[in-house]
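Remarks on the overall topology
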Amino acid sequence: MFDERYLISRFSHELQQVILDVQKKTKTPINLIVTSMLGAMSATTQRLADVQRQGGMTSPISLYTFTITGSGERKSTVDRLFTKRIAEWDMAQKSVQKKQETSYQDDMEVWKIKKNLIRSQLKTAIKNDEGIEDCKKNLSDHSSREPKPPSKRQLIFNDATPAAMVNNIDEDHGCAALISNDGRRALEAGSLSKVGNI
């Protein structure tokens, strides 16, 4: 028989209280709550540290968690409790990104116009056979100032493919959580076998 008291005792007093509060609120099994809590904790902290395993190999503190539950066991409810703030952060990031994307498009338009002007000056310099090196330098300097697209920041991906995750993981932030309510579909789609690419 599974000893829930032993499992709870492995956590700090603060986390024990969280687990018990969620159980009181949702009436779900402790092991389901712990799995969901650890998944949310991993999603938000995995970029902060790596772990060195035996043999000297280093890897992120990421977790793979699987929970097998029947319908109506409130797994989605528990997941939403632990990921609520993460989902709010994701929504706030989408709003910020929308503004940044508009600004980026404007900057890019100005950059392209300036590049065309410099190219025009270079054509004239080539035609007149003078000032070519200055125009080439101006073009090179301008190219190095090409606006960078805004970072995409998202922590939670629901039933996403590895390609979608890679395209949306910010290089600076570099972490995410793939959540699927249909484990069979995730396994059959090969998502987990491709996670190493992420």
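The notes below deal with the structure included here. All values derive from a computational prediction rather than experimental measurement.

Take the overall build of the chain next. Within the chain, the regular secondary structure consists of seven helices and four strands. Along the chain direction, N to C, the helices and strands of the chain fall in the order α-α-α-β-β-α-α-β-α-β-α. In the chain, buried positions account for 28% of the 198 residues. Taking as baseline every contact in the chain between residues at least 6 positions apart, the subset at least 24 positions apart corresponds to 52%.

Let's shift gears to the pattern of salt bridges. Tallied over the full model, the rule gives five salt bridges. Here Lys75 makes a salt bridge to Asp79, at a shortest N to O gap of 2.6 Å. Residue Lys75 and its partner Asp79 are located together in helix α4 (residues 75-128), separated by four residues, close to a single helical turn. When the shortest N-O distance is used, the salt bridge between Lys137 and Asp141 registers 2.8 Å. Linking Lys137 with Asp141, this pair stays in helix α5 (residues 132-144), spanning four residues, or about one helical turn. For Asp141, a relative accessible area of 27% gives the class partly exposed.

Another point: helix α2 (residues 13-26). Think of an α-helix as 3.6 residues a turn; residues three or four steps apart then line up on the same face. A rise of 1.5 Å per residue sets the reference length of α2, with its 14 residues, at 20 Å; its end C-alpha atoms lie 20 Å apart and thus fit the reference within 8%. Listed as buried for α2 are Ile19, Val22 and Thr26. Around the axis of α2, the buried residues are gathered within 65° of arc, so they sit on the same side. Exposed and facing more than 90 degrees away from the buried side of α2 are His13, Glu14, Lys24 and Lys25. Looking at the buried positions of α2, the neighbouring elements they touch are α1 (4-9), α3 (30-45) and α4. One or two positions beyond α2, positive phi appears at Lys27, with a value near 60°.

As a further point, take the packing of α3 against α4. Across the interface, α3 lies against α4 with an axial gap of 9 Å and an inter-helix angle of 25°. As the angle between them shows, α3 and α4 are arranged roughly parallel. Considering only the axes of α3 and α4, their crossing is right-handed. Of the residues in α4, those touching α3 at Leu32, Ile33, Ser36, Met37, Ala40 and Thr44 are Lys75, Val78, Asp79, Phe82, Thr83 and Ile86. Residue composition of the contact of α3 with α4, by class: seven nonpolar, three polar and two charged.

What follows is about the side chain of Gln97. Summarising the element assignment, Gln97 is placed in helix α4. Take Gln97: its relative accessible area is 16%, and that puts it in the buried class. Ignoring any residue separated from it by four or fewer positions in sequence, one finds Gln97 in contact with Ser151, Lys152 and Arg153.

Now for the nonpolar core. Counting residues in hydrophobic clusters, the biggest one holds 17 residues, and the most contacted among them are Phe11, Ile19, Ile30, Ile33, Val34, Val78 and Phe82. Counting residues per element, the ones that place at least two in this core are α1, α2, α3 and α4. For this core, the element with the highest residue contribution is α3, accounting for six residues. Discounting residues that sit within four places of it in the chain, Phe82 has contacts with Val18, Val22, Ile33, Ser36, Met37 and Ala40. Formed by five residues, the second largest nonpolar core is a distinct cluster that contains Leu122, Ala125, Cys135 and Leu139.

Assignment of secondary structure puts Ser42 in helix α3. On the accessibility criterion, Ser42 (7% relative accessible area) is buried. Polar side-chain contacts of Ser42 include one of 3.3 Å to the backbone nitrogen of Leu63. When neighbours within four sequence positions are excluded, Ser42 is seen to be in contact with Ile61, Ser62 and Leu63.

Reading the values: the criteria
Residues numbered from 1 in each chain as written. Predicted model: local features only at pLDDT ≥ 70, side-chain atom pairs only at ≥ 80, totals over all residues. Heavy atoms only, no water. Helix = DSSP H or I, 4+ residues; strand = E, 2+ residues; numbered from the N terminus. Buried < 20%, exposed > 50% of the residue type's maximum accessible area, 1.4 Å probe, protein only. Contact = heavy atoms within 4.5 Å. Salt bridge = Lys/Arg side-chain N within 4 Å of Asp/Glu carboxyl O. Expected span 1.5 Å × (residues − 1). Arc of directions from axis to C-beta. Axes fitted to C-alpha atoms, helices over the stretch in contact; angles between N-to-C directions. Parallel < 35°, antiparallel > 145°, perpendicular 65-115°, else oblique. Left-handed = near helix turned anticlockwise from the far one by under 90°. Nonpolar A, V, L, I, M, F, W, Y, C, P; charged D, E, K, R; others polar. Core = buried A, V, L, I, M, F, W, Y, C linked by side-chain atoms within 4.5 Å. Polar contact = N/O pair within 3.5 Å; in protein donor to acceptor, adjacent residues only side chain to side chain.

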